[in-house]
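# Structural overview
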Amino acid sequence: MLDDFFTRALLAGIGVAITVGPLGCFIVWRRMAYFGDTMAHSALLGVAIAFLFDINLMVGVFVVAALVSSALLLLQRRQSLSTDALLGILSHSTLALGLVMVAFMTWVRIDLMGFLFGDILAVSRTDIAFIWGGGALVLAGVAWLWRPLLASTVNAELAEAEGMHPERARVAFMLLMALLIAIAMKIVGILLITSLLIIPAATARRFSGTPEMMAVMASLIGVVAVVSGLFGSLQFDTPSGPSIVVAALALFLVSQIAPVVRRSGPQPQEGGRR
Amino acid sequence: MVQRTNLVEMSGVGVRRGGRWLVRGVDFTISPGEIVTLIGPNGSGKSTTAKTAIGLMKADEGVVSRKADLTIGYVPQKLAIDWTLPLSVRRLMTLTGNQPRAEIDQALEAVGIAHLADAEVQHLSGGEFQRALMARAMVRRPDLLILDEPVQGVDFSGEIELYDLIKQIRDRTGCGILLISHDLHVVMAETDTVICLNGHVCCRGAPEIVAKSPEYLQLFGARAASTLAVYSHNHDHTHLPDGRVKHADGSVTDHCHPDDGHHHDHAGEHHHHADGASVTAHKHEDGHKGHHHAG
């Protein structure tokens, strides 16, 4: 069964979509879209370094993404530049550094498009093992960190006053993000990872009454997007990574038009005074 | 070190960040059932003091001791929950720990929002949300409840209701309460000790219960007068806009930290007279002398 490239692609894509759901919810709740983007962009530097030292690609990407996020944490403490500006610097300079390094390495042939926009149809059995193994690790980590992460999303001081360790949870969350980016890169590519984090979570908001439900819904919606995107790509002979994102977008748009299941809307603190 | 009865004990506590003293020379204790209100203008170190008391910030001088296994209930000041987070009132109750359903219902009943248990928190009004946060802190059965400006943004009658509620929570659970308020003159009547901060303890004392005073009854109304109390400040100095401290003529001037950022070259403004010294002022003097030597 795994001999078929399309089956392998489906398996890999579904594994990534399930993993991405809960993390994507936190990215949306904590307004960290740009942060996710920065970590994803740094993956190209990770790819370049992996080729340079001839190590496993996912390991290289994980290490660089983790380093970039810790650099960000340290720079934030200095409070010299705004987080926004810091993210802008890290995001684009790591991407540019990666591109320049790759250009210097004339001895390796790198399919740049595959890294930037995904190459899901080329996943191997080893990739699938990494995706499902890494994904299980990420999900276990999120489950373990769920309460402190959610509490500090609501209010970090409250969480800390009541005996949790928001800072520790935050560092662990960044490591999980780095791991996720390492395994998701091949599916949708560096430039599109953030969309897989955000679009299914944003779609799930409409249909969820609790944070836990939203995390599960985001995973399910991600799976639907991956499956329909892949079949669409097969049908219309379109690039697979972007097709998945387009499918996710379509689901999001439909969810916005669909009749409201439960009352919700972007009017915090008003509209509901009984 | 902590007496059995005290939940938190602070003596000579100072917190320094970025080369500047945020607050210095803070002494107070909170025991079970006691209500301590911290008042002071913005940036006076109220939140810093409260955070230091519960261990969120480290003291750079002085001693903070807490009862072992102190359970804290925290009601934060401003809470903006992104509307993308689907959070019902009931789910909010178990944010930092599991609680039995019956106790959650009881707590929501006690704060009067049982009918909103399944509403999303983003749809609550300011007062309702504040009640939900109080129920959440209360259901933890805390030894110490910290409320950071609980009546901010709530109208006058709402303020009285919230203070009533805080009193009920205290009576029901017997917890100690640390209240932070930016209202410099009107405090909760049940307050045992008011501490006025402005980088240091400016003055402290018990509020005046005004329930029986006809003028205040007229001003506040009968219900409010039993809930609110007036705090008369006993300052011997004023804080100037540029951060310096001006000491009033004829008062005791012992609030001088030469290096605390509140005093620059203003020695000429100090008038040392001992005749106006109150008991509290003397206590401060003793406390501060230590700093002079240490610094």
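Residues numbered from 1 in each chain as written. Chains lettered and ligands numbered in written order. Predicted model: local features only at pLDDT ≥ 70, side-chain atom pairs only at ≥ 80, totals over all residues. Heavy atoms only, no water.

## Regarding helix α4 (residues 126-138) of chain B
Residue and element names in this part refer to chain B. In a regular helix each residue adds 1.5 Å, so 13 residues correspond to 18 Å; α4 covers 18 Å between its end C-alpha atoms and thus fits that length. Taken across its 13 residues, α4 has eleven buried, putting it largely inside the fold. Restricting attention to buried positions, one finds in α4 the residues E128, F129, Q130, R131, A132, L133, M134, A135, R136, A137 and M138. (Helix = DSSP H or I, 4+ residues; strand = E, 2+ residues; numbered from the N terminus. Expected span 1.5 Å × (residues − 1). Buried < 20%, exposed > 50% of the residue type's maximum accessible area, 1.4 Å probe, protein only.)

## Here we look at the interface of chain A and chain B
The partner chain B presents 34 residues to the 34 residues of chain A that form the contact. Interface area lost by chain A to chain B is led by V154, E162 and R205 of chain A, which between them contribute 21%. Where chain A touches chain B, the interface holds six salt bridges. Close ionic contact of R91 of chain B with E212 of chain A constitutes a salt bridge, the shortest N to O distance being 2.6 Å. Going through the elements one at a time, α1 (5-29), α6 (125-154), α7 (156-161) and α10 (211-236) of chain A are the ones with two or more residues in the side of chain A that touches chain B. (Contact = heavy atoms within 4.5 Å. Buried area = accessible area lost by both parts, 1.4 Å probe. Salt bridge = Lys/Arg side-chain N within 4 Å of Asp/Glu carboxyl O.)

## Quick look at the pattern of salt bridges
Residues and elements named next belong to chain B. By the definition in use, this model includes 20 salt bridges over all chains. Salt-bridge contacts for E61 lead to R24; the nearest nitrogen and oxygen are separated by 3.0 Å. Placement of the pair is E61 in strand β4 (residues 61-66) and R24 in strand β2 (residues 20-30), with a sequence separation of 37 residues. The residues E61 and R24 share a single accessibility class, namely buried. Note that K46 is salt-bridged to E149, the shortest N-O span being 3.8 Å. Of the two residues, K46 sits in helix α1 (residues 46-53) while E149 sits in the loop between β6 (144-148) and α5 (156-173), which places them 103 residues apart along the sequence. Of the two residues, K46 and E149, both sit in the buried class. One network of salt bridges, with partners in common, ties together K167, R170, D171 and E190.

## What to know about the sheet that holds β6 of chain B
All names here are of chain B. Overall, mixed pairing links the six strands, which are arranged β5-β6-β7-β3-β9-β10 in an open sheet. Two strands bound the open sheet, and with one partner strand each, they are β5 (72-75) and β10 (201-205). For this sheet, the mean inter-axis angle between neighbouring strands, taken without regard to orientation, is 15°. Strands in contact with α1 are β3 (35-39), β6, β7 (176-181) and β9 (193-197); relative to β7, the strand with the most contacts, it is inclined by about 160°. (Pairing = 2+ DSSP bridges. Axes fitted to C-alpha atoms, helices over the stretch in contact; angles between N-to-C directions.)

## Overview of the sheet that holds β2 of chain B
Residue and element names in this part refer to chain B. Read across the open sheet, the three strands follow the order β2-β1-β4; overall the sheet is antiparallel. If you trace the sheet from one side to the other, it starts and ends with β2 and β4, each paired once. Each strand axis lies, on average, 25° off the axis of its neighbour in the sheet, ignoring direction. As defined by bridge partners, strand β1 (residues 8-17) adjoins β2 across seven bridges and the pair is classed as antiparallel. Across the sheet, the residue bridging to R16 is W21, located in β2. Where α1 meets the sheet, it contacts β1, β2 and β4, and its direction lies at approximately 125° from that of β1.

## Topic: unusual backbone geometry
Residues and elements named next belong to chain A. Non-glycine residue R31 carries a positive phi angle of around 55°. Along the chain, the position of R31 falls in the loop between α1 and α2 (33-53). Since its relative accessible area comes to 66%, R31 is described here as exposed. Positive phi outside glycine occurs at D237, with the angle close to 55°. As for its placement among the helices and strands, D237 is situated in the loop between α10 and α11 (240-257). The exposed category is assigned to D237, whose relative accessible area is 71%.

## Brief notes about the confidence of the model for chain A
Detailed reading of predicted coordinates is not advised where the pLDDT is low. Residue and element names in this part refer to chain A. Overall, the prediction assigns chain A a mean pLDDT of 89, with 93% of residues at 70 or greater. For chain A, per-element mean pLDDT is lowest for helix α5 (residues 112-117), which scores 87, and highest for α10, which scores 95. Note on residues 263-274: pLDDT is under 50 here. Beyond four places in sequence and across chains, it has 21 contacts. (pLDDT = per-residue confidence, 0-100.)

## Concerning the pairing of β1 of chain B
Residues and elements named next belong to chain B. In terms of burial, β1 is largely enclosed, as seven of its ten residues are buried. Where β1 lies against β4, five bridges are found, and the strand directions are antiparallel. Along β4, the bridge assignment pairs E9 with S65. Linking β1 back to β2 in an antiparallel pair, the connection comprises two residues, with G18 at a positive phi of about 60°.

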